[in-house]
Amino acid sequence: SLSLQIIDSLKIIEDDYANLGKALSKLALKYKDTLQIGRTHGQHAIPQTFGRQVVGWYAEVMRGIERINRAKTIIAVGKCSGEIGTHIFIEPKLEELALKKLGLKPDEASTQIISRDRHTEIVGLMIVNSDTLARIAESIRHLAMTEIGEVREPSNEKAHPGSSAMPHKRNPELSERIIGLSRVIRSTLAEESEASRALFERDMSNSSTERYVFPDLFENLAYACRLTEFIISNLEVFPGKMRKNLDLTHGAIYSSRLMNALIKTGKYTRTEAHNLAKKLAQQAIDQEIGLRILAESDPQISRMLNVKELDELFDPKFYLRNIDVAFKRTHLKK
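As a convention, each chain's residues are numbered from 1 in the sequence order in which they are written. Under the rules for a predicted model, residues below a pLDDT of 70 receive no local features and side-chain atom pairs below 80 are neither given nor counted, while totals for whole chains, interfaces and linings still include all residues. With hydrogens and water stripped out, all remaining heavy atoms of the structure feed into the side-chain values.

Only one rule defines a salt bridge in this text: a Lys or Arg side-chain nitrogen within 4 Å of an Asp or Glu carboxyl oxygen. Applying the stated rule across the entire model yields 17 salt bridges. Across the pair Arg226 and Asp16 runs a salt bridge whose closest N-O atoms are separated by 3.0 Å. Within this pair, whereas Arg226 is found in helix α6 (residues 207-233), its partner Asp16 is found in helix α1 (residues 2-30), the two being separated by 210 residues in sequence. On the accessibility criterion, Asp16 (9% relative accessible area) is buried. Of the charged contacts in the structure, one is a salt bridge between Arg152 and Glu236, with a shortest N-O distance of 3.0 Å. Here Arg152 is found in strand β5 (residues 151-152), whereas its partner Glu236 is found in strand β6 (residues 236-237), with 84 residues between them in sequence. Residue classification places Arg152 among the partly exposed positions, given a relative accessible area of 31%. A single salt-bridge network, built from bridges that share partners, covers Asp107, Glu108 and Arg118. Working definition: helices are DSSP H or I runs of at least four residues, strands are E runs of at least two. Numbering for both runs from the N terminus. Type-normalised accessible area, obtained with a 1.4 Å probe on protein chains alone, sets the label of each residue: buried when under 20%, exposed when over 50%, and partly exposed for intermediate values.

One can find Lys79 in the loop between β3 (77-78) and α3 (92-101). We score Asp and Glu as negative and Lys and Arg as positive, and we do not count His or the chain ends. Buried Lys79, no salt bridge; nearest opposite-charge side chain is Glu95, N-O distance 6.6 Å. In what follows, a contact means two residues having at least one pair of non-hydrogen atoms within 4.5 Å. In contact with Lys79, not counting residues within four places along its chain, are Gly85, Glu95, Leu99, Ser110, Thr111, Gln112, Ile113 and Ile114.

One less than the number of residues in a helix, times 1.5 Å, gives the span that helix is expected to have. An ideal rise of 1.5 Å per residue puts 33 Å on 23 residues; helix α5 (residues 173-195) measures up with 34 Å between its terminal C-alpha atoms. Every buried residue of α5 is accounted for by Leu174, Ser175, Ile178, Ile179, Gly180, Leu181, Ser182, Ile185, Thr188, Glu192 and Ala195. Turning to α5, the residues buried within the fold contact α4 (117-143) and α6.

Time to look at the packing of α4 against α5. When two helices pack together, you describe them by how their axes are tilted relative to each other and by the distance separating the axes. Comment: axis = line fitted to C-alpha atoms, over the contacting stretch for helices; angle = value between 0 and 180 degrees taken between N-to-C directions. Their axes nearest at 8 Å, the elements α4 and α5 cross at an angle of 160 degrees. With respect to their mutual orientation, α4 and α5 come out roughly antiparallel. The two elements α4 and α5 meet at a crossing, and its hand is left-handed. Residue composition of the contact of α4 with α5, grouped by class: 10 nonpolar, 8 polar and 6 charged. Throughout this description, any angle smaller than 35 degrees is read as roughly parallel, any larger than 145 degrees as roughly antiparallel, any in the 65 to 115 degree range as roughly perpendicular, and the remainder as oblique. A clockwise turn of the near helix away from the far one marks a right-handed crossing, whereas an anticlockwise turn of less than a right angle marks a left-handed crossing. Residue polarity follows a fixed list, in which Ala, Val, Leu, Ile, Met, Phe, Trp, Tyr, Cys and Pro are nonpolar, Asp, Glu, Lys and Arg are charged, and the others, Gly among them, are polar.

Any two of the Phe, Tyr and Trp rings considered here, Trp counted by its six-membered ring, make a pair once their centres fall within 6.5 Å; the pair's planes then place it as stacked at under 30 degrees, edge-to-face at over 60, or tilted in between. Applying the stated criterion across every chain, the model contains 6 aromatic pairs. The interplanar angle of 65 degrees and the centroid separation of 5.8 Å between the aromatic rings of Tyr31 and Phe50 together place this pair among those described as edge-to-face. Highlighted residues: Tyr31 in the loop between α1 and β1 (35-40) and Phe50 in helix α2 (residues 50-75), separated in sequence by 19 residues. Each member of the pair, Tyr31 as well as Phe50, carries the same accessibility label: buried. Note on Phe318 and Tyr319: the rings are 5.3 Å apart at their centroids and 90 degrees apart in plane angle, and the pair reads as edge-to-face. A relative accessible area of 14% means that Tyr319 is categorised as buried. We note Arg257 situated over the ring of Phe318; from NZ or CZ to the ring centre the distance is 3.5 Å. In this scheme, Lys NZ or Arg CZ marks a charge over a ring once it lies within 6 Å of the ring centre and within 35 degrees of the ring normal.

Right under this line is the structure:
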């Protein structure tokens, strides 16, 4: 009966993840060409598009659906094999026929219960799925920071008026709720892992905790997924702020292109080109002078690269030439 309940729960979760996938695909396609700075270590890296960032979330949710279907296969087992699983009073054929009607297969070597390694694996798979939701929520929470301001959660002033003391605030409390729920979901693994260590042919250590573990796991995961879908479907996106943020480093984000162009001249080793580009990039950031201006003014660079070549190096469209790859690989089309 627990296997059947888990399978029914997984079907509900599958629908929730499918709805989230649809919302993400719509968001990704809408902002496919919207320039945004990519970030690594919390620092500006190179240009991408907001749609390309969302595609990464979408692909992860699709893998989540694959995990859900795998989980349904893992747990589709039962037992009608007697007190300790040795078929003393119930014939194996009867067990097979009864379970077949329920859409289950017999546990290969049950005791009085189905071994809990399967159940622990289900919990582990669902924790990975909740981590995906937390990753999306964490990204949205950071993109909504005042200093970044590229997105904003949907507002519900009646239910969540924001800060009671500071009226100007729009706290990303929905995303934070998802992140908090992911911790609760993750805690279920410790409980079910302990339950998998049931003594000999059976004790009560599994059933005494599973009556909490699985309802809490699936209820929290379903709620977190639906909350994520609500955020994504109603997310406020600010392309103008994304474009503005792209210029925060005064062109330093194009330093890798400058470095590679210097290497291609054949006059610099990679280390020499790197050091020169790095020095000018840091100067651009510290003194708030465009790297393009500094590069053109530098005698070493101006001897190697003309104005037209420099203009090409500082064109953000260069970084979008293969943006379509991820969309094609995830089968997203307008």
